[in-house]
Amino acid sequence: MGNMELQYYHVLIPLLPLLGFLVNILLGKEVTRYKAHWPAILAVGGSWICSLASLRDVMAGKIVDADLYTWILSGSFKVSVGFLIDPLTAVMLIVVTTCAMLIHIYAVGYMHGDTGYYRFFAYLNLFTFCMLMLIMGNNFLQLYFGWEGVGLCSYFLIGYYFNKKSAADAGKKAFIVNRFGDFGFGIGVFMVFLTFGTLHYADVFGNVSIMAGKTVNFLGWNVDLPTLVALLLFCGAVGKSAQLPLHVWLPDAMEGPTPVSALIHAATMVTAGVFLVARCNPIFNLSPIAMNTVAVVGATTSLFAATIAITQNDIKRIIAFSTCSHLGLMFLACGVGAYAAGIFHLYTHAFFKALLFLAAGSVIHAVHTNNIQEMGGLRKYMPITFGVFILAALSAGGFPGFSGFFSKDEIIWSAFASHSSVGKLVWLMGTAVAFFTPFYTFRLIFLTFFGENRGVAHQEDQGHASHISAHGSGHDSHAQSSAHDSHGHEPHGGHHIHESPKIMTVPLMFLAVGAIAAGWVGIPPILGGGNHFAEFLKPVVGHPEFHGTHAQEWGVMALSTSIAIFGIVVAAFLYLRKSDIPERMSKQFKVIYDLLYNKYYVDEIYNFLLVQPTLKLASKVLVGITDGKMIEGVVNGVPGLIGKFSQKLRRFQTGTVHHYAIFMAAGAVFIIALAILLR
Amino acid sequence: MVPLSWYMVLSLIVFCIGVFGFLSRKNIIIMLMSIELMLNAVNINLISMSHYLQDLRGQILAFFVIAVAAAEAAIGLAIVIALFRNKATAHVDEMNEMKG
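## Here we look at the overall build of chain B
Point 1. In terms of regular secondary structure, chain B is built from three helices and zero strands.
Point 2. Across chain B, helices and strands are ordered from the amino to the carboxyl terminus as α-α-α.
Point 3. Taken over the C-alpha trace, chain B has a radius of gyration of 17 Å; the compact-globule value for 100 residues is 13 Å, which it surpasses by more than 25%.
Point 4. Counting every position in chain B, which comprises 100 residues, the buried fraction comes to 11%.

## Description of the overall build of chain A
Point 1. What chain A contains, in helices and strands, is 27 helices and five strands.
Point 2. A principal-axis box enclosing the C-alpha atoms of chain A has dimensions of 110 × 70 × 55 Å.
Point 3. A buried classification covers 53% of the 679 residues belonging to chain A.
Point 4. Considering only contacts in chain A between residues 6 or more positions apart, those separated by 24 or more positions represent 80%.

## A short note on the interface of chain A and chain B
Point 1. Each partner contributes residues to the interface: chain A has ten residues there, and chain B has ten residues.
Point 2. Its residues assigned to classes, the side of chain A that touches chain B shows four nonpolar, five polar and one charged.

## Things to note about helix H27 (residues 657–677) of chain A
Point 1. With 21 residues, H27 of chain A should reach 30 Å at 1.5 Å per residue; the first-to-last C-alpha distance of 30 Å fits that figure.
Point 2. Counting buried residues in H27 of chain A gives zero out of 21 residues, a small share hidden from the surface.

## A look at the nonpolar core
Residues and elements named next belong to chain A.
Point 1. Counting residues in each nonpolar core, the largest one holds 217 residues, and the members touching the most others are Val277, Ile343, Ala354, Leu355, Ala392 and Ala515.
Point 2. The leading source of residues in this core is helix H15 (residues 339–367), at 21 residues.
Point 3. In contact with Ala392, not counting residues within four places along its chain, are Phe352, Leu355, Leu356, Ala359, Ala512 and Ala515.

## Brief notes about the pairing of strand S2 (residues 62–74) of chain A
Residue and element names in this part refer to chain A.
Point 1. Across three bridges, strand S1 (residues 2–4) lies against S2 in parallel orientation. Looking across to S2, one finds that Gly2 is bridged to Lys62.
Point 2. Counting the residues that bridge the hairpin from S2 to strand S3 (residues 77–85) gives two residues, and of these Gly75 lies at a positive phi of roughly 60°.

## Focus: unusual backbone geometry
As a rule of thumb, non-glycine residues mostly have phi less than zero, and peptide bonds are mostly trans rather than cis.
All names here are of chain A.
Point 1. With omega at 0°, the peptide bond leading from Leu244 into Pro245 counts as cis.
Point 2. Here Pro245 is to be found in the loop between helix H8 (225–240) and helix H9 (249–252).
Point 3. Even without being glycine, Ala242 reaches a positive phi, approximately 55°.
Point 4. In this fold, Ala242 is placed in the loop between H8 and H9.
Point 5. Look at His368: it is not a glycine, yet its phi comes out positive at around 60°.
Point 6. Its place among the elements puts His368 in the loop between H15 and helix H16 (383–397).

## Points about the sheet that holds S3 of chain A
All names here are of chain A.
Point 1. What the three strands build is an open sheet, ordered S1-S2-S3; its pairing is mixed. The sheet is open, and its two borders are formed by S1 and S3, each paired with just one other strand. Averaged over all neighbouring strand pairs, the angle between strand axes comes to 40°, with direction disregarded.
Point 2. Alignment of S2 against S3, held across nine bridges, turns out to be antiparallel. Across the sheet, the residue bridging to Ser74 is Phe77, located in S3.
Point 3. Lying on the sheet, helix H2 (residues 37–59) is in contact with S1, S2 and S3; it crosses S2 at an angle near 115°.

## Looking at the packing of H16 of chain A against helix H21 (residues 502–517) of chain A
All names here are of chain A.
Point 1. Orientation of H16 relative to H21, taken along the N-to-C sense of each, is 25°, at an axis distance of 9 Å. When the interaxial angle is binned, H16 and H21 end up roughly parallel. Considering how the two elements wind past one another, H16 and H21 form a crossing that is left-handed. Where H16 approaches H21, its residues Ile384, Thr385, Val388, Leu391, Ala392 and Ser395 are matched on the opposing element by Thr505, Leu508, Met509, Ala512, Ala515 and Ile516.
Point 2. Classifying every residue of the contact of H16 with H21 gives nine nonpolar, three polar and no charged.

## Describing H21 of chain A
Residues and elements named next belong to chain A.
Point 1. Helix length check: H21, at 16 residues, gives a terminal C-alpha distance of 22 Å against a target of 22 Å (1.5 Å per residue), a fit within 8%.
Point 2. The set of residues buried in H21 consists of Met504, Thr505, Pro507, Leu508, Leu511, Ala512, Gly514, Ala515 and Ile516.
Point 3. Contacts from the buried residues of H21 go to helix H3 (87–110), H15, H16 and helix H17 (403–417).

## A short note on the packing of H8 of chain A against helix H13 (residues 288–311) of chain A
All names here are of chain A.
Point 1. The geometry of H8 relative to H13 is characterised by a closest axis approach of 9 Å and an angle of 20° between their N-to-C directions. Looking at the two axes, H8 sits roughly parallel to H13. Every pair of crossing elements has a handedness; the one defined by H8 and H13 is right-handed. Residues Thr227, Ala230, Leu231, Phe234 and Val238 of H8 pack against Ile289, Ala290, Thr293, Val294 and Val297 of H13.

## Focus on the confidence of the model for chain A
Point 1. Scored by pLDDT, chain A comes out at a mean of 85, with 94% of its residues at no less than 70.
Point 2. Low confidence marks residues 458–494 of chain A, where pLDDT is under 50. Its contacts with residues over four positions away, or in another chain, come to 61 contacts.

Reading the values: rules and limits
- Residues numbered from 1 in each chain as written.
- Chains lettered and ligands numbered in written order.
- Predicted model: local features only at pLDDT ≥ 70, side-chain atom pairs only at ≥ 80, totals over all residues.
- Helix = DSSP H or I, 4+ residues; strand = E, 2+ residues; numbered from the N terminus.
- Rg over C-alpha atoms; globule rule 2.2 N^0.38 Å.
- Buried ≥ 20, exposed ≤ 12 C-beta atoms within 10 Å, placed from the backbone.
- Contact = placed C-beta atoms within 7 Å.
- Nonpolar A, V, L, I, M, F, W, Y, C, P; charged D, E, K, R; others polar.
- Expected span 1.5 Å × (residues − 1).
- Core = buried A, V, L, I, M, F, W, Y, C linked by C-beta atoms within 7 Å.
- Pairing = 2+ DSSP bridges.
- Axes fitted to C-alpha atoms, helices over the stretch in contact; angles between N-to-C directions.
- Parallel < 35°, antiparallel > 145°, perpendicular 65-115°, else oblique.
- Left-handed = near helix turned anticlockwise from the far one by under 90°.
- pLDDT = per-residue confidence, 0-100.

The structure is reproduced here in structure tokens:
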């Protein structure tokens, strides 16, 4: 592959969203106001077109790795702002800009009339800028910059309705939980610099063999250097991509407006972890331990989140756990060396998961609740939303022919056929996930769109008061949607359920096309395709050696597919035909149900083990001793001492001239005596 | 020829009278006069030394001292008059409002 110079359209990709951000944040209040979507959408649309141009270059075999300008120069430490546009980046560019553009357009309808309209679009643009910097950077520091930038925007946008306490808390939670991961990530970047003396990707990955077999003293242990670096980098990925044990922030992040959930917490930001692992694949490849860790963490999270999703009642939280689960699958793929399969799933997942979220947003927009137990029968009111929801669910569930099928099958087959020592284990877990994913997605659909409408508050003759009480009685009433707030100005009484406006449904249809067809670029050879996607990424992430026959591949595919269809059938049986069974089951297996419903009590455990001790430490030691005694002791003690001293000293100023004269004379005598004596 | 030490002793005596007067008297006019005594003691010292060392710089300094003393006397007396108008006294013990 040849290299090419940096072109203006490469620079425009991140620059346009930054400009859009600046325009809206500076002029939003006075000038753009409720037209704030124009600069935002034009900026993202522009960078989408530039991304297409970049993709064309990359497909023509031209790779860009060029510095724009020197950012930091200190001795031998040199970091530039530069762009690396290779197949991996090109795929990410398409995913990010396409999803961002469609979601920006959708948000015009969803956020319509919100008081923070310009602020919303400004942050969304800033997020897009940071995400693009993250994926386009040609060095670790720029990656880190984008990484923290998207985290910051995530914080802004989760806490978008900042006067709602649960939203503000969720924002803080996301930010703080990510600190844990980013701490490791930061140290990982330092270790890379210590080892290679540079942070530039090409220089690091080109010389990656010098770290093989080296050991380093870390906290008193001698550990294998590649393992250490890979695990530290993976730490960051675990935080950002909501993997065990740092997954707790993602469900709470659903406090943000739904377009934010779709863009940041499904399609782009949370996949940054997978991107990081794929980008650093030369380091990971050196360490089987790290690879196995990645695979096992991914598979465990995937299964873990999928089981939780079965029992949840908040429409967005179900999809959030689904995101966790799918991200786990991507890590599973990376862990067994099939980075291309992981990125492929990232790419298809972005479309169907963004679609699921936006369709869920459309539902919330119409019924003003997040609780699926209060929905039902929406099929006839919102046919378009229903249609795209079904398509997204089929894609997510891995129904043959849809995007999700090809990527998920690729992952499961890679796990089965890889040389990885944990391959078979994670394959089993992945196959189990293949059952749960369609099950919970279709449970969601059957409860939302089929049957009778159970929404007490949304019948035509219900008044405002009952609407409020319905919200209060919901299981996750604190997670009441943003949509509800954003439409607080509408009278609730006599509210009709209606399909969302065109500005929302058209992006849904485009995403639906993606959810169906995006995966067609990666049809495996066994199904008559060429797996062009993996071939395209091969120069960056390589291709794992598989050992498996065609018969086995057919078998694995047939197994996971039939399991997936079985999941749909079970969901249909339980929630359409015998809708009393789920309730009886939840009573009969109360322990298990409660365990799942309460998300394995992870939040409670963290609260007990980490949050409460930290708060206690803060209030007792930091506030009581460090702040109260030490800092305030010094700050108040020094002036107090000076005050006491000056209280004594002021007695010398008697106002009587003679006293001054005597002091002066005595002082003069003293100084002269001193001068004589010390001569 | 009067020896240098006599001048020095004279200067010392005049200076001590000035210091004593300044510290012991309560009338502000007398105190100002004591200051003049001290300054003139210094002048005697300067001029005698200047003569002894055959160096005119001491005498020049004495002129400066005289000039400063004149200015000081003028300002000092003006202040005394201003004070007297307010307090109707020239007794320094009555003037002790400026204390900490």
